[in-house]
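Working through the structure, step by step
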Amino acid sequence: MASTSKAISNSAHQQGQTCIAFSRDGKIAYTGGLDTLVRIWHTDQGEDQEPEAAYEADEGITAVAAAEGCWLSGGHDSDVRKYIPGKAQFNGLVTNAAGASIRCLAVDPSGKRVAVASEELSVKIVDLDEITNVVVLEGGHKKRIRKTTWHPSGSILTTSSSDGTIVAWNISDTGAKVENVIDGVIPEVVDPESPEFMHDCSAIWHPSGQYFFAASRTHEIVAISRSTWTKTSSLSDPNTVGATTALALSANGVYLASACKQEILVWSVQTKRVLWKHPGTPNAFTIQIAFSPTENLLAWTDTEGVLSRWRDAIPAGSPDPVRQTAASSAQGTTTKRKSTPPLWGEEPAADAEGGDPYGDDWIIDDLGDGMEDEPEGAKAMRAGDGFVKEMVSITKAQPAFQPGSTPMENKKRYLAYNMVGVIEVTDQDTHHIVNVEFHDRSTRKGYHFTDHFKYDLGSLGERGALFACPPELDHSAQVIYKPYGTWSTQGDWTYALPKGQRVLGLAAGGERPMRSLRDPSSSGGDIQGQGNIVIATSSGDLTFLSGSGMERIVLGVEGEYVTMAAAEEYVLVVHRPGATTIDGSQSLVATLISFEDFQVLQEKPLPIPKGHTLRWIGTTDEGAPAIYDSAGYIHLMIHHRRPNRAAWARLMDTNLLERKQGKDESYWPVGLSQDTFMCLILKGRQEHPGFPRPLIQELPVRLPFRNQDPVDSPIEERIARERIHVNLARDALGDEVTSPDIDKREVELDKQLLKLIQASCKADKAPRVIELVKRLHFPNSIAAASQLAGFYRLIGLQEKIEAIKSWREQNATPAEEAREARQGFAYEDAPLARPKPFQNFNPPPKVDRPGLTRSAGIVEQTEFTASNIAIRASRSRAPQASASRSTSPEGKRKRDDNDDDLSSNAFDGEVKRRAVGESDAVVPSPKPSACIPIQPVRA
């Protein structure tokens, strides 16, 4: 969390390397820089003080230190000078490095000796009381020594070299010898002119003397044990990435301060977590940081020559950074425990010496002041106005970023790195050199140019390269587009933004070239057009332009813009409509916008786990949107061509890769295909690739299925992954039923399914066989499945498979059903037609309102109900016999076939429908033709 107190800053030296050291009483701070000056600052004075300066050095100051009775300085002139404490009064030379630059001065805990590290391969230990007493440590390093520090006991000296080794020297009365060499922890930096050479690689010893901290080459802060000289733990924070440039421990060892990029962090040594943060100087990194040995003060210097003092860096109510506690000692020590207030107000009986009745042999635990009672003053301060105060941790919003871009390090950076090519930038102080290279040089030709605008954003598309520069002074932000191939000499164009606006992101899209863009003819590869351009600005909008520079539309962005990537027919924009959540969610949403008519095709929240951020967005070879997050997950947007029906499918979990098991590495995405994840390998906590340019690695894509069957699992995963990409290809067909490529891929799918069917038939798993048969695509494949069932003597199963085959032949094929579904999607999402006024002369449609119908009782409608008396009477009046009818020998009449029809017609003519409620209403029988007439009995 951010601290409530603020640091005060003073411009102390010119830009470049700086250094700082506190006096042993903490009242003075000494700072040195490349301006050959050492300034003396009083810590109790504000930022308006005029510090005293020492001018004796001939070249830049690289190191300062405070000893008992003096303070020291060293620099590029090879001399180590001694001064009166707290004053700029020169008091003589201590030693000389014979033409080599002084790199570090370290005074031992007693303040009587100083270790001098220089460009030489040896270290001098000089007695400050008698400077002729010099001990030289040789043979430990093969390259120049950068830093040196003392063990709290003064018996061990650690030296850090530019070859990436830390040597522990045993300093005894009989002599000095190498005790251990620690390799592979700190980074190897050979060039003394590089910014990385100024990073702090010291071994910072804990006051307990049992371990030290160091900034590792993997961007971690590691703890190295004194007993085993191996790594025991590390300090890490998910929101803090990048190289650690400076380290310092508080006087009692409870807190560790570190500098990373442009931020100062204060860690808890016990919990190994970041407690407080403070911003540093913009566009600069901290070189050296130090805790005051006597008060709550943290100070640092940076590459801009600024001295910053952070008073009350440790807030009130937290353990003091100076006062000795149990956390500062790893060995258990005895102390007298304070008496605990009794429950009923009576004081406990104490012994004659006033000790605790339980004895004074309490062992201090590792909780610091956990055994001590809280002071009354601190309790009153914590209580404040009587209300409980809590600090709420709010998730930091991920800022806008450009996919494939890296920050400037060692005067080099990448503006874009994707499957098209690479944009490299080299800083030449007054201008930049931009180098554009392509992976496929047969299609596009690389080039380089001098950039006087110092572009900070870039995008490589299929049809051209896009650059943007920030506003500066009276110059507004500009965007320049450089098409790859054009027969016209005026292909490049520039688009200027209004003053006060900045470019947050760029995206260049367009169709893939059907022929080489290097064709200079008028009918060359650029006949397909020059693509589409999208610019995200700080005013909260997306500006769409054509490849020739024509403005098309300006769309508003809901919330905060984060990043975007363009494909052939759409642009994928990631933004944050609201705010981050308290539980760590970034609340990002991806919106798919068409280049053709700017309609929103999809709008889906990103499936990023809580506590993680988005690292990359792009498109696959088939044009599907894909994302990669800091948790190591790759997600693919399936069905993105179906309006408002897309979903994020987890395509890969890089944490499950075989090559990552037992390794500390991460991946920088470059591209994604059906079977391959193209990326750059990052070691440790490295967050972006460096120079020289690393080779692209191809990793196999595997769905994160959890079934571990060694036989069926690989086949099932391959089928599911292939099914995803076949559906993506089918969605792009339009009105066509299929294509030769899809048919070929489905044939391969059926072959894999038949393998599973054979295994299921062998294991007598009939339900699984039926399920797999339904997934087959072609009738021949179903016939093959039927033969497999017959081969294993599964007659009943074979009959069911034949039934499925017959049903498939009589109905539409899966390809035809898919086409009908696509047509249905287009019909459902078609825009509503606006009716024309005064053009519809038809009567209004009938409105059915069941709630307004009058209720009526349920009437039983049979011929024996009271309402059918009239019908029965008419039947009884019918003639008893007819001459045309014949009788049976038994005297019964034989019915004609037309009797039912005649009687039903008669009834239909007599029965009339009447209003509900009339007493004499006649309800006809529901089936009058089925009634049997009753004949009278003859006398």
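Rules and cut-offs
- Residues numbered from 1 in each chain as written.
- Predicted model: local features only at pLDDT ≥ 70, side-chain atom pairs only at ≥ 80, totals over all residues.
- Heavy atoms only, no water.
- Helix = DSSP H or I, 4+ residues; strand = E, 2+ residues; numbered from the N terminus.
- Buried < 20%, exposed > 50% of the residue type's maximum accessible area, 1.4 Å probe, protein only.
- Contact = heavy atoms within 4.5 Å.
- 1 Å grid on protein atoms, 1.4 Å probe; cavity = no way out; pocket = protein on both sides within 12 Å on 5 of 7 lines; lining within 4 Å.
- Points joined across faces, edges and corners; volume = space filled by probe spheres on them.
- Nonpolar A, V, L, I, M, F, W, Y, C, P; charged D, E, K, R; others polar.
- Salt bridge = Lys/Arg side-chain N within 4 Å of Asp/Glu carboxyl O.
- Pairing = 2+ DSSP bridges.
- Core = buried A, V, L, I, M, F, W, Y, C linked by side-chain atoms within 4.5 Å.
- pLDDT = per-residue confidence, 0-100.
- Phe/Tyr/Trp six-rings, centres within 6.5 Å; stacked < 30°, edge-to-face > 60°.
- Lys NZ or Arg CZ within 6 Å of the ring centre and 35° of its normal.
- Axes fitted to C-alpha atoms, helices over the stretch in contact; angles between N-to-C directions.
- Parallel < 35°, antiparallel > 145°, perpendicular 65-115°, else oblique.
- Left-handed = near helix turned anticlockwise from the far one by under 90°.
- Arc of directions from axis to C-beta.
- Lys, Arg positive; Asp, Glu negative; His and termini not counted.
- Polar contact = N/O pair within 3.5 Å; in protein donor to acceptor, adjacent residues only side chain to side chain.

A count of helices and strands for the protein chain gives 9 helices and 53 strands. Relative to its full complement of 939 residues, the protein chain shows a buried share of 45%. When contacts within the protein chain are restricted to residue pairs at least 6 apart in sequence, long-range pairs at least 24 apart make up 50% of them.

Below, the discussion takes up the layout of surface pockets. Approximately 1,300 Å³ is the volume attributed to the second largest pocket. Along its surface, the second largest pocket is lined by 42 residues, and V107, T149, L249, A290 and F291 are the ones closest to its centre. Mapped by element, the contributors of at least two residues to the lining of the second largest pocket are β2 (18-22), β6 (61-67), β10 (102-107), β14 (145-150), β18 (204-205), β22 (244-249) and β26 (286-291). Classifying every residue of the lining of the second largest pocket gives 27 nonpolar, 10 polar and 5 charged.

A word on the pattern of salt bridges. Enumeration according to the criterion identifies 36 salt bridges in this entry. R745 serves as the salt-bridge partner of E722, at 2.9 Å between the closest nitrogen and oxygen. Of this pair, E722 sits in helix α2 (residues 712-731) while R745 sits in helix α3 (residues 740-762), and the two are 23 residues apart along the sequence. A single burial state applies to E722 and to R745, both of which are buried. Among the charged side chains, a network of salt bridges with common partners joins E424, E437, R441 and R693.

With that settled, consider the pairing of β14. With respect to burial, β14 is a largely interior element, 6 of its 6 residues being buried. One ladder, built from 5 bridges, connects β14 with strand β15 (residues 156-161); its direction is antiparallel. In the sheet register, T149 faces β15, and the bridge partner there is T158. Where β14 folds back onto β15 in an antiparallel hairpin, the turn is made up of 5 residues, including G154, whose phi is positive at roughly 80°.

Here we come to the nonpolar core. Within the largest apolar cluster, 24 residues are counted, with the highest numbers of intra-cluster contacts made by I757, V769, V773, L776, A785, L797 and I801. Looking at this core, the elements that each hand over two or more residues are α2, α3, α4 (766-774), α5 (779-791) and α6 (795-810). The greatest single-element share of this core, amounting to 7 residues, is contributed by α3. In contact with I801, other than residues within four places in its own chain, are V769, I770, V773, I782, A785, S786 and A789. One finds I634, I638, L657 and L703 within the second-largest nonpolar core, a separate group that totals 20 residues.

With that settled, the discussion passes to empty space enclosed by the protein. Summed over all chains, the structure comprises 4 cavities of 30 Å³ or more. Along its surface, the largest cavity is lined by Q17, T18, C19, T62, R103, R146, K147, F197, M198, H199, I287 and Q288. Those elements that place two or more of their residues in the lining of the largest cavity are β2, β14 and β26. Its residues assigned to classes, the lining of the largest cavity shows 4 nonpolar, 5 polar and 3 charged. By volume, the second largest cavity amounts to about 80 Å³. What lines the second largest cavity is a set of 16 residues, among which H219, I221, T240, T244 and W267 lie closest to the centre. For the lining of the second largest cavity, the secondary-structure elements that each account for two or more residues are β23 (255-260) and β24 (263-268). Tallying contributions element by element places β23 first for the lining of the second largest cavity, with 3 residues. Counted by class, the lining of the second largest cavity contains 7 nonpolar, 6 polar and 3 charged residues.

Summing up the model confidence of the protein chain, the mean pLDDT is 82 and the portion of residues at 70 or higher is 78%. For the stretch residues 327-393, pLDDT sits under 50, and the model shows 52 contacts to residues farther than four places along the chain or on other chains. Taken as a whole, residues 879-894 scores under 50 in pLDDT and shows 13 contacts with residues more than four places along the chain or in a different chain.

Per the counting criterion, the structure on display carries 21 aromatic pairs. Seen from their ring centres, F453 and Y455 are 6.2 Å apart, and the 20° between their planes marks the pair as stacked. A relative accessible area of 7% places Y455 in the buried class. An angle of 75° between the planes, with centres 6.3 Å apart, marks the rings of F544 and F595 as edge-to-face. Placement of the pair is F544 in strand β41 (residues 541-546) and F595 in the loop between β45 (589-594) and β46 (600-605), with a sequence separation of 51 residues. The same class applies to F544 and to F595, which are both buried. Through successive ring pairs, a cluster of aromatic residues spans Y447, F449, F453, Y455 and F467. Directly above the aromatic system of F197 lies the positively charged group of R146, at a separation of 5.1 Å from the ring centroid. Lying across the ring of F691, K412 places its NZ or CZ 5.3 Å from the centre.

On to the sheet that holds strand β16 (residues 165-171). Picture the strands of a sheet paired through backbone hydrogen bonds; they go either parallel or antiparallel. Across the sheet, which stays open at both edges, the 4 strands sit in the order β14-β15-β16-β17 with antiparallel pairing between neighbours. Both outer strands of the open sheet, β14 and β17 (176-183), are each paired with one neighbouring strand and no more. The average undirected angle you get between the axes of adjacent strands in this sheet is 20°.

Viewed as axis vectors pointing N to C, α3 and α5 meet at an angle of 20°, and their least axial separation amounts to 10 Å. Judged by the angle between their axes, α3 and α5 are roughly parallel. Where α3 crosses over α5, the handedness of that crossing is right-handed. Residues D750, L754, I757, Q758 and C761 of α3 form the contact with α5, whose own contacting residues are S781, A784, A785, L788 and A789. Partitioned by chemical class, the residues of the contact of α3 with α5 number 7 nonpolar, 2 polar and 1 charged.

All buried positions along α4 are accounted for by V769, I770, L772 and V773. An end-on view of α4 places all buried positions within 165° of arc, on one side of the element. Exposed residues pointing more than 90 degrees away from the buried face of α4 are listed as P767 and K774. Where the residues of α4 are buried, they touch α3, α5 and α6.

In this section: the environment of L672. By the secondary structure assignment, L672 is in strand β51 (residues 665-672). For the pair L672 and A624, spaced 48 residues apart in the sequence, the C-alpha separation amounts to 9.7 Å. Leave out the neighbours within four places in its chain, and L672 touches T619, T620, D621, A626, I634, L651, F677, M678 and V701.

What follows is about the side chain of D163. Along the chain, the position of D163 falls in the loop between β15 and β16. No salt bridge is formed by the buried D163. Its closest oppositely charged neighbour is K143, at 6.9 Å. Only 2.7 Å separates the side chain of D163 from the side chain of T165, close enough to count as a polar contact.

Here we come to the packing of α4 against α6. In the contact formed by α4 and α6, the axes pass within 11 Å of each other and the chain directions differ by 20°. By the angle class used here, α4 and α6 are roughly parallel. As α4 runs across α6, the sense of the crossing is right-handed. Side by side, α4 and α6 meet where A766, V769, I770, V773 and K774 of the first sit next to L797, K800, I801, I804 and R808 of the second. A per-class count over the contact of α4 with α6 returns 7 nonpolar, no polar and 3 charged.

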